[in-house]
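As a plain string of letters, each chain reads:
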Amino acid sequence: MQGTVDGFSYGIVTPVAAFLMACLGGALGLRCTTRSLRHRESFKAGWLALGSTSIGTGIWTMHFIAMMGFSVQQAPIDYDRPITFASLGVAVVMVGVGIFIVGYRGATALTLVTGGTITGLGVATMHYLGMAGMRLPGRIEYDTLTVALSVVIAVVAATTALWAAVSVHGFLASLGASLVMGVAVSGMHYTAMAAVSVHLHAAPAAGAAAATTGSLLLPMLIGPAVFLILAAVVVMFDPLLVMGEPDWRRTPARPPYRPGVPAPRHVPSYGEPANWTARPAGRGSRRSVPRGGHRSQDW
């Protein structure tokens with residue numbers, strides 16, 4: 001018996017909520033990755049781990065919020081909890097592998113393609129593993145071409161997200177990149193769901209599917225949603241993530257050294273601490289002289 005599938009049982013509510021969660025996870029992940037790349041001296045591995053966990057959790061939460069709107073009119077839907085949470089672990093680990101590759105190997109074309117492919121396959125694996133945890137009196141079948149298209153969308157979206165993490169600077173630019181990432185992840189999800197068809201073994205009482213799905217998934221979403229909120233608090237309390245590094249704290253580019261040519265004098269900007277004026281060492285030259293002080297004699 002062919003089941004009647006409805007992916008929008010709650011109308012536009014679940015797609016919009018799922019999109020916002022994907023954007024939140026993407027924004028946090030992009031900002032944390034940017035933080036680790038631009039400020040390498042401050043616990044780089046921790047920021048990369050927080051970024052990958054935020055992206056993986058955001059995508060997983062987006063998937064199951066969207067699944068709250070999925071129903072089969074002739075059958076109730078249940079979920080296997082170990083498989084459901086295993087899909088969360090797969091998402092975090094594989095997204096983390098891709099982000100750590102880019103974070104430690106640099107933003108070359110090879111690393112972006114490698115990291116994006118691994119991350120995209122992780123997103124697709126999370127989706128179909130989560131679908132494998134669905135329990136209903138029948139079997140779920142997939143259209144092969146649509147499944148392949150969803151995997152391609154996941155890989156392209158992940159590669160674009162990694163490129164944005166290393167190339168896009170500034171809060172507003174990262175926000176725009178996270179919106180694009182949310183659209184791509186949501187598009188991947190609903191493309192994959194378009195490949196689904198359900199064949200039922202029997203015809204249970206109708207009307208129990210929506211209530212069962214919502215009551216099962218909502219408690220499982222509380223923990224990941226709380227984590228995303230806490231990660232957002234961490235990001236908001238780090239001024240380097242929101243405002244960027246002050247200009248006077250950035251290391252100025254040094255001109256190439258030329259023998260016999262004195263180094264240019266550096267005039268400190270407002271708020272910059274005074275430094276020692278370096279003079280080239282050599283025969284008959286003076287040593288470093290502090291600003292406003294006395295010259296030391298050569299010995």
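Residues numbered from 1 in each chain as written. Predicted model: local features only at pLDDT ≥ 70, side-chain atom pairs only at ≥ 80, totals over all residues. Heavy atoms only, no water.

*Asks:* In this structure, what is going on with the confidence of the model for the chain? I would like to understand it.
*Replies:* Reading predicted coordinates in detail is not appropriate for stretches of low pLDDT. For the chain, the mean per-residue pLDDT works out to 78, and 73% of the residues sit at or above 70. Per-residue pLDDT, averaged within each element of the chain, yields its smallest value for helix α8 (residues 239–242) (52) and its largest for helix α4 (residues 109–132) (92). Contacts for the low-pLDDT stretch residues 284–289, under 50 throughout, to residues beyond four places or in other chains number 17 contacts. Segment residues 293–299 is flagged for pLDDT under 50; beyond a separation of four residues in sequence, or across chains, it makes eleven contacts in the model. (pLDDT = per-residue confidence, 0-100. Helix = DSSP H or I, 4+ residues; strand = E, 2+ residues; numbered from the N terminus. Contact = heavy atoms within 4.5 Å.)

*Asks:* When you look at the nonpolar core in this model, what are you seeing that I'm missing?
*Replies:* In summary, soluble globular proteins display a tendency toward joint burial of nonpolar side chains. Counting residues in hydrophobic clusters, the biggest one holds 53 residues, and the most contacted among them are Met-67, Phe-70, Val-72, Tyr-79 and Met-134. Broken down by secondary-structure element, the contributors of at least two residues to this core are α1 (13–38), α2 (44–67), α3 (81–105), α4, α5 (144–167), α6 (171–194), β6 (196–200) and α7 (209–236). With eleven residues, the single largest contributor to this core is α2. Leave out the neighbours within four places in its chain, and Met-134 touches Met-67, Phe-70, Ile-77, Asp-78, Tyr-79 and Ile-140. Core analysis: the next-biggest nonpolar cluster, separate from the first, contains five residues, Leu-30, Ala-165, Val-168 and Ala-177 among them. (Core = buried A, V, L, I, M, F, W, Y, C linked by side-chain atoms within 4.5 Å. Buried < 20%, exposed > 50% of the residue type's maximum accessible area, 1.4 Å probe, protein only.)

*Asks:* Honestly, a nonpolar patch on the surface in this entry has me stumped. Any pointers?
*Replies:* Residues Tyr-10, Ile-12, Val-13, Val-16 and Leu-20 make up a contiguous nonpolar surface patch of roughly 490 Å² in combined accessible area. Looking at the secondary structure, you find Val-13 in helix α1. By relative accessible area, which is 56% here, Val-13 ends up exposed. (Patch = residues over 30% accessible without salt bridge, like charges linked within 9 Å, V, L, I, M, F, W, Y side chains within 5 Å. Areas by Shrake-Rupley, 256 points an atom, 1.4 Å probe, with all protein chains shown as cover. Salt bridge = Lys/Arg side-chain N within 4 Å of Asp/Glu carboxyl O.)

*Asks:* What's the story with the environment of Gly-51 in this structure? I'm lost.
*Replies:* Summarising the element assignment, Gly-51 is placed in helix α2. A residue is classified by how much of its surface remains accessible, and Gly-51, at 0% relative accessible area, is buried. Between the alpha carbons of Gly-51 and Arg-35 there is a distance of 9.5 Å; along the sequence they are 16 residues apart. The residues contacting Gly-51, other than those within four sequence positions of it, are Gly-29, Cys-32 and Ile-99.

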